[in-house]
Amino acid sequence: MTTRSFILWLHGLGDSGPANEPIKALFTSPQFKITKWSFPSAPSSPVTCNYGHVMPSWFDILEIPVTAHSPKDESSVLKAVQNVHAMIDKEVAAGTNPNNVFVCGFSQGGALTLASILLYPKTLGGGAIFSGWVPLNSSFIERMTPEAKKTPILWSHGMADETVLFEAGQAGPPFLEQAGMSCEFKAYPGLAHSISNEELRYLESWIKHRLQSSS
């Protein structure tokens, strides 16, 4: 029996939701027949690391490349998190079990995925971060609910990434461990700042194994 699930995809800086919609065509398993997908577009705002140019951006990024020690604009991240939480709440109110809600994102969208999952009060089906980073300081761990800590995380990062350095991705699992969360980290040799079909195929099986039947 297929069960209703929701996959929210958060794009990277300067991108748009519709440009990422072809991703769902790769999810061919029958489990995804009645999955609802959402590809929202970020609002346009000035971005510090791009000399204040206005572009689609979930929150402000202070420097590029992003390293493991880049400064964080947390108030801007938290505003974006509220918007993501509203999207999840709407879907849960419409009858989707939170255990079948998956948030995925690339680059800036991956960083926002992480922050949104950490601060969501309930356990979700999972969060998948591609070429992302940790956009919050560890003081936020204290604000997490015990339920949030049960949401599984998949973190994929290209080892040849020169935009969000591989070290920024590698800082993710120790941060999550400190929060008491489980994280599967996958390194992709030779992959630059992009998403590969190999990563997406793995994401499909990762989500498939976590879908809960509605019995």
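Our structure is the block above this text.
Residues numbered from 1 in each chain as written. Predicted model: local features only at pLDDT ≥ 70, side-chain atom pairs only at ≥ 80, totals over all residues. Heavy atoms only, no water.

## Section: the nonpolar core
Core analysis: the largest hydrophobic core is formed by 44 residues, its most contacted members being F59, I88, L112, L114, L118, W133 and M181. Elements represented by at least two residues in this core include exactly β1 (5-10), α1 (74-93), β5 (101-106), α2 (108-118), β7 (153-158) and α4 (172-178). When near neighbours in sequence (up to four residues on either side) are disregarded, I88 contacts L8, V101, V103, Y120 and L124. Within the second largest apolar cluster, 18 residues are counted, among which are C104, L154, L200 and L203. (Core = buried A, V, L, I, M, F, W, Y, C linked by side-chain atoms within 4.5 Å. Buried < 20%, exposed > 50% of the residue type's maximum accessible area, 1.4 Å probe, protein only. Helix = DSSP H or I, 4+ residues; strand = E, 2+ residues; numbered from the N terminus. Contact = heavy atoms within 4.5 Å.)

## Quick notes on α2
In terms of burial, α2 is largely enclosed, as 11 of its 11 residues are buried. Every buried residue of α2 is accounted for by Q108, G109, G110, A111, L112, T113, L114, A115, S116, I117 and L118. Elements in contact with the buried residues of α2: β1, α1, β5, β6 (126-130), β7 and α4.

## Focus on the pattern of salt bridges
Under the defined criterion, the tally for this structure stands at 2 salt bridges. In this structure, the salt-bridge partner of E91 is R4, at a minimum N-O distance of 2.8 Å. Here R4 lies in the segment before β1 and E91 lies in helix α1, a separation of 87 residues in the sequence. Judged by its relative accessible area of 4%, E91 falls in the buried class. Its salt-bridge partner being E91, residue K36 comes within 3.0 Å of it at the nearest N-O pair. With K36 in strand β2 (residues 35-38) and E91 in helix α1, this residue pair connects regions lying 55 residues apart in the sequence. Salt bridges here are not isolated pairs; linked through shared partners, they connect R4, K36 and E91. (Salt bridge = Lys/Arg side-chain N within 4 Å of Asp/Glu carboxyl O.)

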